[in-house]
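Observations on the three-dimensional arrangement
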Amino acid sequence: QVQLVESGGGLVQAGGSLRLSCAASGGTFSRYFMGWFRQAPGKEREFVAAIGLAPTHTYYADSVKGRFTISRDNAKNTVSLQMNSLKPDDTAVYYCAADSPPYGLAYRESPYDYWGQGTQVTVSS
């Protein structure tokens, strides 16, 4: 069983930056495909970014491409999401998720087996 704990959320002004982290425990972190999703009030949860077993294999939603960067540190069992040029539309609860093999499509929720509890990100205008 894998436990995921997110941190780094908070309140920031538009144009600012935040760095989210997700610490994993249990299982073999290097074998998990990792993703970030978010859910804004009154909206469905949506894909933000994902990273494969190789750190160079990254995937982004069009809405965050060029502003957000996902990375992983297998030695520390962590995955991070650097968020720059934040906009009020980025306000949401951000969730970390892990997908064990066989891997599914990065942008879909269903393949992910484990989820964190979420961390709130609020961007003020």
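The shown structure was predicted, so the numbers you read here are calculated from the model rather than taken from an experiment.

**A look at the state of the cysteines**
- Counting across every chain of the model gives 1 disulfide.
- There is a disulfide in this structure between cysteine 22 and cysteine 96, and the S-S distance comes to 2.1 Å. Negative torsions about the S-S bond denote left-handed disulfides, and the value of about -75 degrees found for cysteine 22 with cysteine 96 makes this one left-handed. Taken together, the positions of cysteine 22 in strand β3 (residues 18-25) and cysteine 96 in strand β9 (residues 92-99) put the pair 74 residues apart, joining distant regions of the chain. For the residue pair cysteine 22 and cysteine 96, the accessibility class agrees, reading buried in each case.

**Re the environment of lysine 76**
- Checked against the element boundaries, lysine 76 lands in the loop between β7 (68-73) and β8 (78-83).
- Each C-alpha atom of the pair lysine 76 and arginine 108 lies 26 Å from the other, and the pair is 32 residues apart in sequence.

**Description of the packing of aromatic side chains**
- Overall, the coordinates contain 7 aromatic pairs when judged by the stated rule.
- Summarising the aromatic geometry, the rings of phenylalanine 37 and phenylalanine 47 are spaced 5.7 Å apart at their centres and angled 70 degrees between planes, so their arrangement reads as edge-to-face. Residue phenylalanine 37 is located in strand β4 (residues 33-39), and its partner phenylalanine 47 is located in strand β5 (residues 46-51); the two are separated by 10 residues in the primary sequence.
- According to the relative accessible area criterion, phenylalanine 37 is buried, its value standing at 0%.
- When the ring of phenylalanine 37 is compared with that of tyrosine 112, the centres are 5.2 Å apart and the planes differ by 80 degrees; the resulting orientation is edge-to-face. Note that phenylalanine 37 is positioned in strand β4 and tyrosine 112 in the loop between β9 and β10 (114-115), a separation of 75 residues in sequence. Comparing phenylalanine 37 with tyrosine 112, the two get one shared label, buried.
- Grouped by ring-pair contacts, the aromatic residues Phe37, Phe47, Tyr112 and Trp115 constitute a single cluster.
- If you follow arginine 45 out to its NZ or CZ, it ends over the ring of tyrosine 95, 4.9 Å from the centre.

Reading the values: rules and limits
Residues numbered from 1 in each chain as written. Predicted model: local features only at pLDDT ≥ 70, side-chain atom pairs only at ≥ 80, totals over all residues. Heavy atoms only, no water. Disulfide = S-S within 2.5 Å. Helix = DSSP H or I, 4+ residues; strand = E, 2+ residues; numbered from the N terminus. Buried < 20%, exposed > 50% of the residue type's maximum accessible area, 1.4 Å probe, protein only. Phe/Tyr/Trp six-rings, centres within 6.5 Å; stacked < 30°, edge-to-face > 60°. Lys NZ or Arg CZ within 6 Å of the ring centre and 35° of its normal.

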